[in-house]
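# Working through the structure, step by step
Residue-level listing of the chains:
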Amino acid sequence: MTDVRFPELSKEQPGAEGVLATWFVTDGDQVASGELLGEVMVDKVSGDVLAPAAGRVRLLVAEEQAARQGTVIARVE
Amino acid sequence: MSVTESATAQAEPAVRRLTTARAMVEGIAQEMERDTGVVVLGEDVAKYGGIFGSTTGLLDKFGPQRVIDTPISETAFIGLGVGAAVEGMRPVVELMFADFFGVAMDQIYNHMAKIHFESGGNVRVPMVLMTAAGGGYSDAEQHSQCLWGTFAHLPGMKVVVPSNPADAKGLMISAIRDDNPVVYMFHKGIMGLPWMAKNARAIAPVREEPYETPIGQASVAREGGDATVVTVSLSVHHALDVAEQMSAEHGVELEVIDLRSLVPLDREAVLASVAKTGRLLVVDEDYQSFGLSGEIAATVAETDPGMLRVPVRRVAVPDVPIPYARSLESAVLPTRERIKEAARELVGA
């Protein structure tokens, strides 16, 4: 099982809060390593969330929901 | 894996969900891989990746020789694109906002659009002028216009206006491969950008391999027998929302035609639908007078006005500059509320 963390978009504020903008996959999908899972945003700067491993993805944060950088937002089982 | 399984896997094209912005980028990238003559230039297209995400990641993939940030001089870099195209390249030039065409209109209209004709057909200008259009986010009169009717009015340019990710990719590939200048207009509201208003229709399945979407062919975004809604770009999304509401609330089925291209215009698709429904509503986020909505109405009137059971309705921007204040802007844009009101009047619901 591999954790998928909210990427660090703001280096200056490591604990900055952002938003889970879009999930391109749905909960339970089979994903490949490196596949685009979603897009997050901190202060209008957006970044990609890529699958760190292959497997079944479990989404832990809903679209539009706030989350801090570095927190676990999904898992690949 | 058995032979049968392998054959099935090959028959189904690889598809994943993308935003419209990502689908456009994928189309450009695949053409850049295929043809070294395809280059991208414009303001903030390289390091920034396009302020509306239309070129994100291309610099990393193809380098600064082929993805070029230009100074803020639309006349200079659109002229550069015209010259490169005349010499055989296939440049994709981004005009950051369609509103800025005014400062470079000589290059666009007198050169890009006319060189093929002035040369007696001997010189081609295979370039793509891509540009962001549309409002709805309080960017006011100089950053919110659609203006596709203006480009479509002036002869010599094809004009494509996709509404969804799959068409955005296919029309981009078609535009790059086309030997004519193509103006590719993307509404900011369909791009699926995280910092704009959420739009579920801006994220949809897109095939991985390169493919062309034919320029000049409308699509039926939704079938229905009671009235025809002819529209383009973000208004397609609004029209589909309204169509779903009207179906649930009134049992009225709207047919939604997504024109996808204004030049060439798929008049047959409009006529075929109106022949079926007898009722026509044109929804256009461009200015009402002297534009697309009048052209569609004229197409029906010139062919067979007897097809119409009731007069044509239009929902467009009244002939005023787009206001900054959100309340005033909402009053002039073709919102779902305005579309629904007009559709209800059209069908008597």
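Residues numbered from 1 in each chain as written. Chains lettered and ligands numbered in written order. Predicted model: local features only at pLDDT ≥ 70, side-chain atom pairs only at ≥ 80, totals over all residues.

### Comments concerning the interface of chain B and chain A
Where we set the bar: Think of it this way: build a C-beta for each residue from its backbone, and any pair within 7 Å is a contact. For this classification, the nonpolar set comprises Ala, Val, Leu, Ile, Met, Phe, Trp, Tyr, Cys and Pro, the charged set comprises Asp, Glu, Lys and Arg, and every other residue, Gly included, is treated as polar.
If you look at the interface, chain B gives 8 residues, while chain A gives 8 residues. Residue composition of the side of chain B that touches chain A, by class: 3 nonpolar, 2 polar and 3 charged.

### Topic: the sheet that holds strand E7 (residues 66-68) of chain A
Residue and element names in this part refer to chain A. Short version of the rule: The criterion for strand pairing is that DSSP finds at least two bridges linking the strands in question. Numbering goes from the N terminus for both helices and strands, where a helix is a DSSP run of H or I of at least four residues and a strand is a run of E of at least two. To get an axis, fit a line to the C-alpha atoms, keeping to the stretch in contact for a helix; angles then go from 0 to 180 degrees between the N-to-C directions.
Pairing in this open sheet of 4 strands is antiparallel, and the strands run E5-E4-E2-E7 from one edge to the other. In this open sheet, the two edge strands, each paired with only one partner strand, are strand E5 (45-50) and E7. Adjacent strand axes in the sheet meet at a mean angle of 40°, parallel and antiparallel pairs treated alike. Where strand E4 (residues 36-42) meets E5, 6 bridges bridge the pair, whose relative direction is antiparallel. The residue bridging Leu36 from the neighbouring strand is Leu50, located in E5.

### A look at the domain arrangement of chain B
Residues and elements named next belong to chain B. Here is the rule: These domain limits were set by an automatic method or by a database of domain assignments.
As assigned here, chain B comprises domain 1 (14-207) and domain 2 (219-347). Between domain 1 and domain 2, the C-alpha centre-to-centre distance is 25 Å. Each partner contributes residues to the interface: domain 1 has 27 residues there, and domain 2 has 22 residues. Among the elements of the structure, helix H7 (148-153), strand E6 (158-160) and helix H8 (165-177) are those that each provide at least two residues to the side of domain 1 that touches domain 2. Grouping the constituent residues of the side of domain 1 that touches domain 2 by class yields 12 nonpolar, 11 polar and 4 charged.

### Quick notes on the confidence of the model for chain B
All names here are of chain B. Stated precisely, the cut-off is as follows: You can read pLDDT as the predictor saying how much it trusts each residue, on a scale of 0 to 100.
Taken residue by residue, chain B gives an average pLDDT of 95. The fraction at 70 or more is 97%. Low pLDDT, under 50, characterises residues 1-9; the stretch is placed with 1 contact to residues that sit more than four places away or in other chains. Reported for the predicted complex are a pTM of 0.94 and an ipTM of 0.85.

### Side note on the environment of Leu154(B)
Residue and element names in this part refer to chain B. With respect to the helices and strands, the residue Leu154 is situated in the loop between H7 and E6. Taking C-alpha positions, Leu154 is 7.4 Å from Tyr109, a pair spaced 45 residues apart along the chain. Contact partners of Leu154, with chain neighbours within four places excluded, come to Tyr109 and Ala113.

### Brief notes about the sheet that holds strand E11 (residues 254-258) of chain B
All names here are of chain B. Taken in spatial order, the 5 strands of this open sheet run E9-E11-E10-E13-E14, and their pairing is mixed. Looking at strand neighbours, the two that pair on one side only are strand E9 (219-222) and strand E14 (313-317), the edges of this open sheet. Direction aside, neighbouring strands of the sheet carry axes that sit 25° apart on average. Relative to E14, strand E13 (residues 280-287) is paired through 4 bridges, and the arrangement is parallel.

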